[in-house]
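Listed below, chain by chain, are the residues.
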Amino acid sequence: MSEDGQRIGGLTSGLALILTSEDQRESPQKSHLISFFDDFGYQSVERTLEHIFQLPYKSVRPLPTPFEASLIHSILKNDICKFRDNQDAALPNRDGICITDSGCGPHNVTIDDTSICGDIRIIKQPLIIESQAMFSSVRANACVWKGKWMYEVILETSGIQQLGWATLSCPFTEHKGVGDAEDSYAFDGRRVSKWNKEAERYGQSWVVGDVIGCCIDLDRNEISFYRNGLSLGVAFDNVRKMAPGLGYYPAISLSQGERCNLNFGAHPFNYPIQGFYPLQSPPTVNSLATHLLQCFFRLLELQRMEKADSTSVEKLGRLKRFAPIKELFQPIAHAICEEFFCVVDMELGGIEYVCWGPLVSFLMDAFRKQSPHDFESLDGVIDLFLEFQGSRMMFQHVISSLSCSCKIATLVLTECPYSGSYSYLALVCHILRREELMVLWWESSDFDFLFEGFLSRKGLNKQDLQCLMPSVWWPGSCEDVSYESCMMLTTATLSGAVSKIEEMHRKLCCLVIEFVPPITPPQLPGSVFMTFLQNLLLKNRGADRNLPPPGVSSNSVIVSLYTVILHFLSEGFAEGDICRWIKGTGTKAGDDVGFLHRAGQRSFPVGLFLKNDPHRTDISRLGGSFNHILNSHPANDGETEVFQWEEGCMDDEETKVTHSTRQKPCCCSSSDIDFTGITKDPIQLRSKGSRAYCSPLPDRSTHVAAECSTGSLNDDMVDKASSSDQSEPEFSYRPLQHHLRNVPKRASHLYSATLREEELLDAMLLLYHIGLAPNFKQASYYMSHQSQSISLLEETDKQIKEKACNEQLKRLKESRNGYREEVIDCVRHCAWYRISLSSQWKQRGMYATCRWIVELLLVLSKMDSLFIYIPEFYLEALVDCFHALRRSDPPFVPSTVFLKHGLASFVTFIVTHFNDSRISSADLRDLLLHSISVLLQYKDYLIAFESNAASVQTLPRALLSAFDNRSWIPVTNILLRLFKGSGFGSSKHGELSSTLFQGLLRDTCIHDEALFSAFLNRLFNTLSWTMTEFSVSVREMQEKYQVLELQQRKCIVIFDLSCNLARVLEFCTHEIPQAFLAGSDMNLRRLTELVVFILNHETSAADAEFFDIRPLRRLGQSQEKINRGMILAPLVGIILNLLDASLDPEFQNDLLAVFASMDCPVTVQCGIQYLLEYNWAGSLRGNPSSTRLRQLEQFSGLLRSRTESREAEKLISSGEAEDDDDDQCCICYTSVADAWFEPCSHTSCYGCITRHLLNCQRCFFCNAVVLEVHRNDEKTL
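Note that this is a predicted model, so its numbers are computed, not measured. Numbering of residues begins from 1 in every chain and follows the order in which that chain's sequence is written. Local features in this predicted model are restricted to residues of pLDDT 70 or higher, and side-chain atom pairs are both shown and tallied only at a pLDDT of 80 or more, whereas totals for entire chains, interfaces and linings draw on every residue. Water and hydrogen atoms play no part in the side-chain values, which are based on all heavy atoms of the structure.

Chemist: Report on the environment of Glu758, specifying residues and quantitative values.
Modeler: Helix and strand assignments come from DSSP, with helices taken as H or I runs of at least 4 residues and strands as E runs of at least 2, each series counted from the N terminus. Its location among the elements puts Glu758 in helix 21 (residues 757-802). Exposure is judged per residue with a 1.4 Å probe applied to protein chains only, and the accessible area is read against the type maximum: over 50% gives exposed, under 20% gives buried, and values in between give partly exposed. The class of Glu758 is buried, set by a relative accessible area of 0%. Once the C-alpha coordinates of Glu758 and Leu608 are considered, the two residues, 150 residues apart in sequence, prove to be 9.0 Å apart.

Chemist: Any chance you could break down the sheet that holds strand 24 (residues 1243-1244) for me, citing the residues and the numbers?
Modeler: The pairing criterion is simple: DSSP has to find at least two bridges between the two strands. Here 3 strands make up an open sheet; going across it, the order is 24-23-25 and the pairing antiparallel. Only two strands of the sheet have a single neighbouring strand rather than two, namely strand 24 and strand 25 (1268-1271). Where strand 23 (residues 1235-1238) lies against strand 24, 2 bridges are found, and the strand directions are antiparallel. Across the sheet, the residue bridging to Ala1235 is Ser1244, located in strand 24.

Chemist: Lay out the environment of Cys850 in plain terms, naming residues and giving numbers.
Modeler: Within the secondary structure, Cys850 sits in helix 23 (residues 840-860). Since its relative accessible area comes to 2%, Cys850 is described here as buried. Distance from Cys850 to Leu903, taken between C-alpha atoms, is 7.7 Å for residues 53 residues apart in sequence. We call two residues in contact when some of their heavy atoms are within 4.5 Å. Beyond its immediate sequence surroundings of up to four residues, Cys850 is in contact with Leu878, Cys881, Phe882 and Leu903.

Chemist: Requested: an account of the sheet that holds strand 16 (residues 249-255), with residues and values cited.
Modeler: Backbone-to-backbone hydrogen bonds pair the strands of a sheet. The strands run either parallel or antiparallel. Reading across from one edge, 6-16-9-10-11-12 is the order of the 6 strands in this open sheet, with antiparallel pairing throughout. Because the sheet does not close on itself, it has two edges, and the strands there are strand 6 (135-139) and strand 12 (198-201). For this sheet the average axis-to-axis angle between neighbouring strands, irrespective of direction, equals 20°. Taken together, the 3 bridges between strand 10 (residues 184-188) and strand 11 (residues 193-196) define a ladder with antiparallel strand orientation. Bridged to Ala186 within strand 11 is Trp195. A fitted line through C-alpha atoms represents every axis, and for helices the fit uses only the stretch in contact; the resulting angles, taken between N-to-C directions, go from 0 to 180 degrees.

Chemist: Which residues make up unusual backbone geometry, and what are the values?
Modeler: Pro126 follows Gln125 through a cis peptide bond whose omega is 5°. Residue Pro890 is bonded to the preceding Asp889 through a cis peptide linkage, with omega at 0°. Unusually for a residue other than glycine, Asn221 sits at a positive phi of about 55°. By the secondary structure assignment, Asn221 is in the loop between strand 13 (211-217) and strand 14 (222-227).

Chemist: Please provide a residue-by-residue account of empty space enclosed by the protein, values included.
Modeler: Residues are said to line a cavity or pocket when one of their atoms sits within 4 Å of a point; the points come from a 1 Å grid over protein atoms alone, cavities being sets where a 1.4 Å probe fits but cannot get out and pockets being open sets with protein on both sides within 12 Å along at least five of seven lines. Grid points are joined across faces, edges and corners, and a volume is the space filled by probe spheres set on the points. A complete count under the given rule lists 10 cavities of 30 Å³ or more for this structure. Quantified by volume, the largest cavity comes out at close to 170 Å³. Along the walls of the largest cavity sit 13 residues, with Ala779, Met783, Ser838, Ser888 and Asp889 positioned nearest its centre. Elements that contribute at least two residues to the lining of the largest cavity include exactly helix 21 and helix 22 (806-837). Per-class residue counts for the lining of the largest cavity are 7 nonpolar, 3 polar and 3 charged. Polar here means any residue other than Ala, Val, Leu, Ile, Met, Phe, Trp, Tyr, Cys and Pro, which are nonpolar, and Asp, Glu, Lys and Arg, which are charged; Gly is therefore polar.

Chemist: Account for the pattern of salt bridges, naming residues and giving values.
Modeler: Note on definitions: salt bridges are taken to be side-chain nitrogens of Lys or Arg within 4 Å of carboxyl oxygens of Asp or Glu. The final tally for this structure, using the stated rule, is 39 salt bridges. We note a salt bridge from Lys124 to Asp446, for which the minimum N-O separation is 3.6 Å. Of this pair, Lys124 sits in strand 4 (residues 120-124) while Asp446 sits in the loop between helix 10 (435-443) and helix 11 (447-454); the two residues are 322 residues apart in sequence, bridging distant segments of the chain. Look at Lys124 and you get buried, because its relative accessible area is 12%. For Asp446, a relative accessible area of 26% gives the class partly exposed. Asp916 serves as the salt-bridge partner of Arg918, at 2.9 Å between the closest nitrogen and oxygen.

Chemist: Tell me about the side chain of Asn948, and name the residues and values.
Modeler: Residue placement: Asn948 occurs in the loop between helix 29 (939-946) and helix 30 (949-962). According to the relative accessible area criterion, Asn948 is buried, its value standing at 5%. In this structure Asn948 touches Ala904, Val907 and Thr908, once residues within four positions along its chain are discounted.

Chemist: Can you explain the nonpolar core? Please cite residues and give values.
Modeler: In this structure, Phe53, Phe296 and Trp441 are the most contacted members of the largest nonpolar core, which totals 289 residues. Top element by residues in this core is helix 21. It accounts for 16 residues. Once you skip the residues sitting within four places of it in the chain, Trp441 turns out to touch Ile399, Leu432, Phe447, Leu450, Phe451, Phe454, Leu508 and Val512. By size, the runner-up hydrophobic cluster in this structure holds 38 residues, among which are Val109, Leu127, Met242 and Leu254. As used here, the term nonpolar core means buried Ala, Val, Leu, Ile, Met, Phe, Trp, Tyr and Cys residues forming a set that is joined through side-chain atoms within 4.5 Å.

Chemist: Mind laying out the confidence of the model for the protein chain, listing which residues take part and the relevant values?
Modeler: Any residue range with low pLDDT should be treated as having predicted coordinates unsuitable for detailed reading. On a range of 0 to 100, pLDDT expresses the predictor's confidence in each residue. On average, residues of the protein chain carry a pLDDT of 81, and 80% of them reach 70 or more. Of the regions scoring below 50 in pLDDT, residues 309-323 engages in 34 contacts with residues more than four places distant in sequence or in other chains. Under a pLDDT of 50 for its full length, residues 1113-1120 has, in the predicted model, 20 contacts with residues more than four places off or in other chains.

Chemist: Quick one: what's the story with the packing of helix 2 (residues 45-53) against helix 4 (residues 285-307), residue by residue and with numbers?
Modeler: Helix-helix packing is described using two parameters, namely the angle between the two axes and the distance between the axes. Axis separation between helix 2 and helix 4 bottoms out at 8 Å; the angle between their running directions is 130°. It follows from the interaxial angle that helix 2 and helix 4 lie oblique. Between helix 2 and helix 4, the contacting residues are Thr48, His51, Ile52 and Phe53 on the first element and His291, Cys295, Arg298, Leu299 and Leu302 on the second. Grouping the amino acids of the contact of helix 2 with helix 4 by side-chain chemistry returns 5 nonpolar, 3 polar and 1 charged. By definition in this entry, angles of less than 35 degrees are roughly parallel, angles greater than 145 are roughly antiparallel, angles of 65 to 115 are roughly perpendicular, and the rest are oblique.

Chemist: With reference to specific residues and values, describe helix 11.
Modeler: Most of helix 11 sits out of view: 6 of its 8 residues are buried. All of the buried residues in helix 11 are Phe447, Leu450, Phe451, Glu452, Gly453 and Phe454.

Chemist: Give me the lowdown on the packing of helix 36 (residues 1082-1098) against helix 40 (residues 1161-1173), citing residues and values where you can.
Modeler: Viewed as axis vectors pointing N to C, helix 36 and helix 40 meet at an angle of 70°, and their least axial separation amounts to 9 Å. When the interaxial angle is binned, helix 36 and helix 40 end up roughly perpendicular. Counting all contacts with helix 36, which are made through Val1092, Leu1095 and Asn1096, the residues of helix 40 involved are Thr1163, Val1164, Gly1167, Ile1168 and Leu1171. Taken together, the residues that form the contact of helix 36 with helix 40 break down as 5 nonpolar, 3 polar and no charged.

Chemist: Could you give me a rundown of helix 32 (residues 995-1007), with the residues and numbers involved?
Modeler: What a helix is expected to span follows from its residue count: subtract one and scale by 1.5 Å. The end-to-end C-alpha distance of helix 32, which contains 13 residues, comes to 18 Å, matching closely the 18 Å that a straight helix rising 1.5 Å per residue would cover. Listing the buried residues of helix 32 in full gives Phe997, Gln998, Gly999, Leu1001, Thr1004 and Cys1005. In this structure, the buried side of helix 32 is in contact with helix 29, helix 30, helix 31 (968-978), helix 33 (1009-1038) and helix 34 (1045-1071).

Chemist: If you had to explain the pairing of strand 9 (residues 161-166) to someone new, which residues and values would you point to?
Modeler: In terms of burial, strand 9 is largely enclosed, as 6 of its 6 residues are buried. Side-chain alternation along strand 9 places Gln161, Leu163 and Trp165 on one buried face and Gln162, Gly164 and Ala166 on a second face that is also buried. Strand direction decides the pairing type here: strand 9 and strand 16, joined by 6 bridges, are antiparallel. Paired with Gly164 across the strands is Ala251, a residue of strand 16. In terms of strand pairing, strand 9 meets strand 10 through 4 bridges, oriented antiparallel.

Chemist: Outline the packing of aromatic side chains, listing residues and values.
Modeler: Paired rings are identified among Phe, Tyr and Trp, the last through its six-membered ring, by centres lying within 6.5 Å, and are further divided according to the angle between planes into stacked (under 30 degrees), edge-to-face (over 60) and tilted (the rest). Under the defined criterion, the tally for this structure stands at 49 aromatic pairs. Summarising the aromatic geometry, the rings of Phe187 and Tyr202 are spaced 5.5 Å apart at their centres and angled 85° between planes, so their arrangement reads as edge-to-face. In this pair, Phe187 sits in strand 10 while Tyr202 sits in the loop between strand 12 and strand 13, placing the two residues 15 residues apart along the sequence. Each member of the pair, Phe187 as well as Tyr202, is classed as buried. Of the aromatic side chains, those joined through ring pairs into one cluster are Phe296, Phe329, Phe340, Phe341, Phe362, Phe385 and Phe388. Working rule: Lys NZ or Arg CZ, within 6 Å of ring centre, within 35 degrees of ring normal, means a charge sits over the ring. In this structure, Lys194 packs its charged tip against the face of Phe236, placed 5.5 Å from the ring centre.

Chemist: Please provide a residue-by-residue account of the environment of Ala958, values included.
Modeler: Note that Ala958 resides in helix 30. Its relative accessible area of 14% is what places Ala958 among the buried residues.

As structure tokens, this is what we get:
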């Protein structure tokens, strides 16, 4: 055939296929294979064979009639002989490489066990390796000294790995590896550096799933690296040449827990680099097998064309008809397959190489990568392959290859929505509908490993996001206005791609859930899935630690599995059979509403907490370790049963919101929720050769819409996971129990109980804790950093407009470019996290999960013996999930109803348990306390706290009790937010405060004197400590020429904390002045000493110079400087509050006398005068009343007079009774030593002893434990 003719319908020139609609209706036998060429001449089946096998034009002689299959074999035999002759002539020259036989064959390249330093283990053949030591290194058994060579590394983890080349002279130690010596070269994408004795900046950061190509060109003496087929540039030049046999070895170094997949050529390269050869030569049969598969694919194309309604050939003229292709397809296809299986078996390793490369590509082309998929063609190919011996091994390799492909598949914007791992998942889902192929996969020892591969998704780095989102826009940006619509379109497109992949994950999991393993005794559906789930949780024990143990799963696997389970529990199972197989303790017959959204009675098998399963043994419980609780608080048999409660039973009747009330929870309150996103095609296993069809399984019940149809919100909740564009054909399902057989290697590990929704919920929370929580934390970081960078960018733009100095303008523009790049990077990351984590249906499920778990925790908190057994991750996942929803952008629902319509019980839980002694972990209690602190920053949430009965009843007392050495910072923040705006100099407008909680706090302090006394003592001590630390930090900064950002931030944080504590103290003097002015004057003296101490520090020359010369700015709040007025204002408020209260005749303590009795009267006077002269209007937003300052001025005058009188009295009495010195207190030297300790009998004044005993119960002098304190008037304390 002519090579330059017109190409029609995907066929080479001279050939096309036509099915005329009229002839087809008359008789199916009138569909003809024709060929066409330029002069519209007559063609025959001979030309068809020439096209299929790519033979020269008219090289096939006229065929006998009828058509014989033996002719195809003769053509193939002749073609194969010629192909082999041509292949032998084209074999590459492999001079320049030496492979040492290490027991795997003389031509196989693998790692050299004798070169291992550390602990490197092969965790899966052929070469997936992992480091079990802190730092491990290894070389391969092949070296090169000339030519161009490469190998590939698939990253299973993305930590510190040094990949490259090294000679035998490179020493491997516990601290040094590849790249740390001469003649040793490496690339590390974690640190984005290249290594040759020293590190230099190079390349890009890598992520899990990246394919790193390590190339060495000894013709040009260069080493370069590739990431996913894209060059990172020449890393090293002038590489020293080596003598033959003493060349460069592929070598890698891994830190602990790092894992990678080495491919020296045993499998086809994912990204082959032109001109570079694999270290291990491919099997010689690969080219021939590829040729046969290409012939098969051309045959499939002809078959597709015949089935088409029409083609463009109809328009080209009158064409001669011939026998239909369907008469030729079977003998040709069978002959090709027969030769194919013979070829791949001819060489060791041939079938594996071919299956990982050309065979998977052929199956993908037959199936079509994008929808609509060609299910019929693929089924025909599989049916044909399964007729041959050896097909089982072949499909094992195909499944393994598809699993690996899912790990490395990259999203490509132009291919969306059918991009990333979608096509591989769609293909394997269809393959695994075959009963025998599903059994084949399940029986393999790598079932769990391959399943994880299918659930994997490749990560994205900065450059990947730049390719996916070329145009970036954010509110208020100065970018091109068209970027906004471009970015919206891009994010919508990527969301569709992610949705397609997630849908395929669900289909695959449904297949596994539906699968019944052929073993005895018979297993229930879901047993295989639950066994996999438990094995995965067991494997990932400790994954939440700062340094996870080796062998943990990729984060993307955890996220994908969590997403699948969340969809099952929230949106329900679309497959009718699965609905019947899933067992829930609260499930009613015919109830197809998602488990998390069911109304009425709820239940939970609390025995789940008491199980000593392997994956649970290391999980901490609220009451401590499981073994400790089991010994100290053994559970009764009755407590292991199912625990039931009514939805909303822990809420107030007036504000209760459930699925049964008129007002629905936020997750179900929109009447326009789109439930069509749930996949419609039923999942069934297909037996080989089956062509019978069954009636469709019922779709998910419309009870979902009925249950959740009423509500008042108008939020658009239509972003559901979509189904594929074309459903697969339905096949009959032949139960596997009909062919039971023993498979002992996996039967003993199977999960035997019914799959329960509650157990899925339990597993989902653990998956969230170890996989989703870190992702949401990272998303929160990028959101915060984006906000800060935008503020800095806007301020820089403002300064550029104001500045005229050229040099300064240049620096500002450079800074602006840096800030702009940071903003763009953050915007892309935030958009990606929004796409992958925060679609509407996921937020809906997360909200329902929060409701479910908080109810469970509140119900079980009424039973001490069960509450302490709850795993800690329940509480951690609840709080993290709640705040992830609250911070979501765009928000799931308005903040006005976020708590009110469904999560009021969350407020109840955190206010009643942040100081719960049954929770042994202080970190967990801090987590709850921090949640309160965060929520009270917002008006809508503050209203929710004020309307919550448990909050009103318990929060004030619990806050005062929790103010200790650990929790004083969040408690201070909470107290400050409750009465913000009530102090001196504070603005009354725009400040968020709560008069309700202010009154409750005042009443609590008044009625519980012991609690308030302890709180006040800790408040005094803490404020004294923070001010001391601030002064020390200021002096450290002054002593250094260059101030580090960390030092400045530390100083800012300590100063802010001091200001907050001073405001709390100001509130106490305003609301509870009797604590200072009535009874003992100890509190008043301590308060006065503290005020003087702060005034002395803030008005000292050193600190004053620091504030004036080096003004501080809060990070991300560039408009607000740190100034002394922030700490001085509460001091003025404290003095004025006490002056106002002193007018009450019931208060006997003399404020003037206490101030006048201070040891440093001059310092006190200077401090008060400084307060009077301070520029209040310029430093505070509030407008302090001039009358209040005049009151302070009057106090200053009275204090001056009182101090002068006291000094005169001292002069008069200075010469009297020196003998009385023996009776003076040796601590304060101002009072008589009128009390003594028992049992040591040391004496001091009563005031010093009382103050000392607030913080220590030991004697001043001898450190003996104080049993009693006696006063000289015989009173015993």
